[in-house]
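Residue-level structural notes
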Amino acid sequence: MIAIVDYGFGNVRSLWNALDFLGAEAEITRNPDDFDAAERIVLPGVGAYGDAVNAIRDLGLEKHLTRHALETRKPMFGICLGMQLFAKSSSEHGGHKGMGWIDAHVDRIIPNDPDIKVPQVGWNTLDIHGAEWLFDGLPKKNDVYFVHSYHMICNDRADLAATTNHGGPVTAAISRGNLTATQFHPEKSQDNGLRILQNWLERDFNA
């Protein structure tokens with residue numbers, strides 16, 4: 001079973017639909033017992049960083065998610081704001097402490113061309129730097145769908161799996177051990193996004 005973390009931030013139904021289409025049994029839940037029983041956990045997210053991380057803490061979920069991320073090392077997938085919550089901190093709206101699973105900071109996108117708009121909304125191409133397994137089978141035109149104003153800046157470049165160009169390189173995906181995350185929305189990225197989710201579902205993280 002795949003546990004989709006329901007903490008009030010994220011398009012959990014569209015994500016459930018995508019996983020169901022791929023034949024995965026998924027459950028939208030905030031019950032820590034379900035996290036324990038799940039084979040994998042997905043942390044989605046849409047909205048403001050501070051509100052989201054506070055919701056996770058107010059619901060008492062942080063310690064349970066952190067235990068699986070860092071101790072049991074259960075495969076976890078973050079999406080959009082969910083990916084940003086993996087970081088140590090974010091500068092959004094004055095600054096907030098993140099989950100701290102990845103040595104990284106989240107900052108606003110600052111394009112090198114003032115005519116490029118922020119937020120980045122729409123389709124953009126991936127430049128793959130690592131975790132080739134996650135992108136296996138993608139066509140040459142590997143566009144995926146983004147909606148965001150902030151992105152993760154990794155202190156260890158080994159964690160960087162892909163970038164996209166939005167007035168300069170913008171972090172698009174990360175991978176470290178059992179932790180995988182995308183800034184883009186695979187559940188909204190049609191065939192390319194489904195392929196990425198399928199690759200994650202099929203990945204043997206114990207190999």
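Here is a short report on the structure shown in this document. (Residues numbered from 1 in each chain as written. Predicted model: local features only at pLDDT ≥ 70, side-chain atom pairs only at ≥ 80, totals over all residues. Heavy atoms only, no water.)

Observations regarding unusual backbone geometry
- The step from Val 118 to Pro 119 runs through a cis peptide bond, and the omega angle for that step is 15°.
- Within the secondary structure, Pro 119 is located in the loop between strand 7 (104-108) and strand 8 (120-124).
- Phi is positive for Cys 80, which is not a glycine, with a value near 55°.
- Looking at where Cys 80 falls in the secondary structure, it is placed in the loop between strand 4 (76-79) and helix 5 (81-84).
- Judged by relative accessible area, Cys 80 falls into the buried class, the value being 6%.
- Residues other than glycine seldom take positive phi values, yet Ala 131 does so here, at roughly 50°. (Helix = DSSP H or I, 4+ residues; strand = E, 2+ residues; numbered from the N terminus. Buried < 20%, exposed > 50% of the residue type's maximum accessible area, 1.4 Å probe, protein only.)

Concerning the layout of surface pockets
- Quantified by volume, the largest pocket comes out at close to 210 Å³.
- Lining of the largest pocket is provided by 15 residues; of these, Gly 47, Cys 80, Val 147, His 148 and Ser 149 occupy positions nearest its centre.
- At the level of elements, helix 5 and strand 10 (144-148) are the ones that each hand at least two residues to the lining of the largest pocket.
- A per-class count over the lining of the largest pocket returns 6 nonpolar, 7 polar and 2 charged. (1 Å grid on protein atoms, 1.4 Å probe; cavity = no way out; pocket = protein on both sides within 12 Å on 5 of 7 lines; lining within 4 Å. Points joined across faces, edges and corners; volume = space filled by probe spheres on them. Nonpolar A, V, L, I, M, F, W, Y, C, P; charged D, E, K, R; others polar.)

With respect to the sheet that holds strand 12 (residues 160-165)
- Reading across the sheet, the 8 strands line up as 2-1-3-4-14-13-12-9 and stay open at both edges, with mixed pairing between neighbours. Bordering the open sheet on either side are strand 2 (26-29) and strand 9 (127-128), each of which pairs with just one other strand. (Pairing = 2+ DSSP bridges.)

Quick word on helix 3 (residues 49-58)
- Here helix 3 has its buried residues at Tyr 49, Gly 50, Ala 52, Val 53, Ala 55 and Ile 56.
- Those residues of helix 3 hidden inside the fold are in contact with strand 3 (40-43), helix 4 (62-71), helix 5, strand 5 (89-90), strand 6 (96-97) and strand 7. (Contact = heavy atoms within 4.5 Å.)

Observations regarding the pattern of salt bridges
- Counted by the stated rule, this structure contains 8 salt bridges.
- One salt bridge connects Asp 103 with Lys 88, and the closest N-O pair in it is separated by 3.4 Å. A residue pair is termed long-range when its members are at least 10 positions apart, and Asp 103 in the loop between strand 6 and strand 7 and Lys 88 in the loop between helix 5 and strand 5 qualify at 15 residues.
- Under the relative-accessibility criterion, Asp 103 is labelled partly exposed at 33%.
- Overall, Lys 88 belongs to the partly exposed group, its relative accessible area being 45%. (Salt bridge = Lys/Arg side-chain N within 4 Å of Asp/Glu carboxyl O.)

Topic: the nonpolar core
- Within the largest apolar cluster, 34 residues are counted, with the highest numbers of intra-cluster contacts made by Tyr 7, Leu 65, Leu 85, Phe 86 and Met 152.
- At the level of secondary structure, the elements contributing two or more residues to this core comprise strand 1 (2-5), strand 3, helix 3, helix 4, helix 5, strand 7, strand 11 (150-154) and strand 14 (179-182).
- Of all the elements, helix 3 adds the most residues to this core, at 5 residues.
- If we ignore the near neighbours within four places in the chain, the residues touching Phe 86 are Leu 43, Phe 77, Gly 78, Met 99, Gly 100, Trp 101, Ile 102, Met 152, Ile 174, Leu 179, Thr 180 and Ala 181. (Core = buried A, V, L, I, M, F, W, Y, C linked by side-chain atoms within 4.5 Å.)

Overview of the sheet that holds strand 7
- With mixed pairing, 4 strands are arranged side by side in an open sheet as 6-5-7-11. If you trace the sheet from one side to the other, it starts and ends with strand 6 and strand 11, each paired once.
- With 2 bridges joining them, strand 5 and strand 6 adopt antiparallel strand pairing. Paired with Ser 90 across the strands is His 96, a residue of strand 6.

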